[in-house]
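A structural walkthrough
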Amino acid sequence: MSIYGYARISSFKQNIERQVRNIEREYPDAVIIRETYTGTKIDRKEWSKLFSMARADDTIVFDSVSRMSRNADDGFAVYEELYTRGVNLVFLKEPHISTDTYKRVLERSVPMTGTSVDYILTGINRYLMELAREQIRLAFEQAEKEVEDLHQRTREGIEIARLNGKQIGQRPGAKFTTKKSVEAKKIISRHAKEFGGSLSDTELMRLTGLARNTFYKYKRELRAES
């Protein structure tokens, strides 16, 4: 039986340590899994590994339901899959949908009597289960709505800034220069055969660690500058 704490941020500007502290405060022995990725990426490698290796009686702790999924349909499906496998899910900010709470609702189901009253009791039990499921789904839907609202406010803020004459993003025609690109171009201009050096393109790509497209982009820029 293992306890994992899963912390995720969707932007490199965010700080993941707040989530980690919250998890470790409640579960000091948890193995912390950190996931840092941009919000536009679907693939979450660390989560995929954790989802695959989690076994019955293992526990996965999240700071909030939005760290598990921001898509309501996907989140609910993953929740049910892990619950069916016997994995305990803990949401520190939404304890009412942790799997222990869900289990307690099901355990409170009214026992059958062996009489015609059971028709009514069956309906009550189904209602309790559906009520629990609806609470879980609502929590994921709320997380999804919060993200959509944030994106909408960001778009509105950008539009207001643009209407006020502020420059948004990089100016057309402007070049974004990094220290890495400057150093790479120095190496290319000094050692490329095309510029009087002795190294081939393949050797230079290996030396600079540049991808093929980036390497030839820098060469084109160097030719334009010469």
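Residues numbered from 1 in each chain as written. Predicted model: local features only at pLDDT ≥ 70, side-chain atom pairs only at ≥ 80, totals over all residues. Heavy atoms only, no water.

1. A few points about the pattern of salt bridges
On inspection of all chains with the given rule, the structure shows 11 salt bridges. Ionic pairing is found between aspartate 201 and lysine 219, a salt bridge with its closest N-O pair at 3.0 Å. Note that aspartate 201 is positioned in helix α8 (residues 201–208) and lysine 219 in helix α9 (residues 212–225), a separation of 18 residues in sequence. Each member of the salt-bridge network shares a partner with another, and the members are Glu194, Asp201, Lys219 and Arg223. (Salt bridge = Lys/Arg side-chain N within 4 Å of Asp/Glu carboxyl O. Helix = DSSP H or I, 4+ residues; strand = E, 2+ residues; numbered from the N terminus.)

2. So, the packing of helix α7 (residues 179–191) against α8
At a closest axis distance of 10 Å, the pairing of α7 and α8 adopts a crossing angle of 150 degrees. Considering the angle they form, α7 stands roughly antiparallel to α8. Regarding α7 and α8, the two cross each other, and that crossing is right-handed. On α8, the residues that touch Ala184, Ile187, Ile188 and His191 of α7 are Leu204, Leu207 and Thr208. Tallied by class, the residues present in the contact of α7 with α8 amount to five nonpolar, two polar and no charged. (Axes fitted to C-alpha atoms, helices over the stretch in contact; angles between N-to-C directions. Parallel < 35°, antiparallel > 145°, perpendicular 65-115°, else oblique. Left-handed = near helix turned anticlockwise from the far one by under 90°. Contact = heavy atoms within 4.5 Å. Nonpolar A, V, L, I, M, F, W, Y, C, P; charged D, E, K, R; others polar.)

3. A look at the pairing of strand β3 (residues 59–62)
Along β3, one buried face is formed by Thr59 and Val61 and the opposite face, lined by Ile60 and Phe62, is buried too. Bridging between β3 and strand β4 (residues 88–91) involves four bridges; their strand directions are parallel. Across the sheet, residue threonine 59 finds its bridge partner in β4, namely asparagine 88. (Buried < 20%, exposed > 50% of the residue type's maximum accessible area, 1.4 Å probe, protein only. Pairing = 2+ DSSP bridges.)

4. Observations regarding unusual backbone geometry
Phi is positive for aspartate 57, close to 80 degrees, though the residue is something other than glycine. Counting through the fold element by element, aspartate 57 comes out in the loop between α2 (45–53) and β3.

5. Some points on α8
Considered for burial, the residues of α8 that qualify are Leu204, Met205 and Thr208. All buried residues of α8 fall inside an arc of 100 degrees around its axis, so they share one side. When the buried face of α8 is taken as reference, the exposed residues oriented beyond 90 degrees from it are Arg206 and Leu207. On its buried side, α8 packs onto α7 and α9. Backbone geometry just after α8 places glycine 209 at a positive phi near 75 degrees. (Arc of directions from axis to C-beta.)

6. Things to note about the nonpolar core
Counting 20 residues, the largest nonpolar core has Trp47, Ile60, Phe62, Met68, Leu89 and Phe91 as its most contacted members. For this core, the secondary-structure elements that each account for two or more residues are β1 (3–9), α2, β3, α3 (65–68), α4 (72–84), β4 and α6 (118–163). At three residues, α4 tops the list of elements feeding residues into this core. (Core = buried A, V, L, I, M, F, W, Y, C linked by side-chain atoms within 4.5 Å.)

7. Here we look at the sheet that holds strand β2 (residues 31–36)
Whether parallel or antiparallel, the strands of a sheet pair through hydrogen bonds between backbone atoms. Overall, parallel pairing links the four strands, which are arranged β2-β1-β3-β4 in an open sheet. Where the open sheet ends on each side, the last strands, each with one partner, are β2 and β4. The mean angle between the axes of side-by-side strands here comes to 20 degrees, regardless of whether they run parallel or antiparallel. Across the face of the sheet, α2 comes into contact with β1, β2 and β3 while running at roughly 140 degrees to β2.

8. Considering the packing of aromatic side chains
Tallied over the entire structure, the rule returns seven aromatic pairs. Relative to phenylalanine 62, the ring of tyrosine 6 lies with its centre 6.0 Å away and its plane at 70 degrees, an arrangement referred to as edge-to-face. Taken together, the positions of tyrosine 6 in strand β1 and phenylalanine 62 in strand β3 put the pair 56 residues apart, joining distant regions of the chain. Grouping residues by exposure puts tyrosine 6 and phenylalanine 62 together as buried. Ring pairs connect the aromatic residues Tyr6, Trp47, Phe51, Phe62, Tyr79 and Phe91, which therefore count as one cluster. (Phe/Tyr/Trp six-rings, centres within 6.5 Å; stacked < 30°, edge-to-face > 60°.)

9. Observations regarding the environment of alanine 139
For alanine 139, the position within the fold is in helix α6. Residue class for alanine 139 comes out buried when judged on its relative accessible area of 12%. Measuring from C-alpha to C-alpha, the distance between alanine 139 and serine 64 comes to 9.7 Å, with 75 residues separating the pair along the chain. Excluding its chain neighbours within four sequence positions, the residues that come into contact with alanine 139 are Val65 and Ile97.

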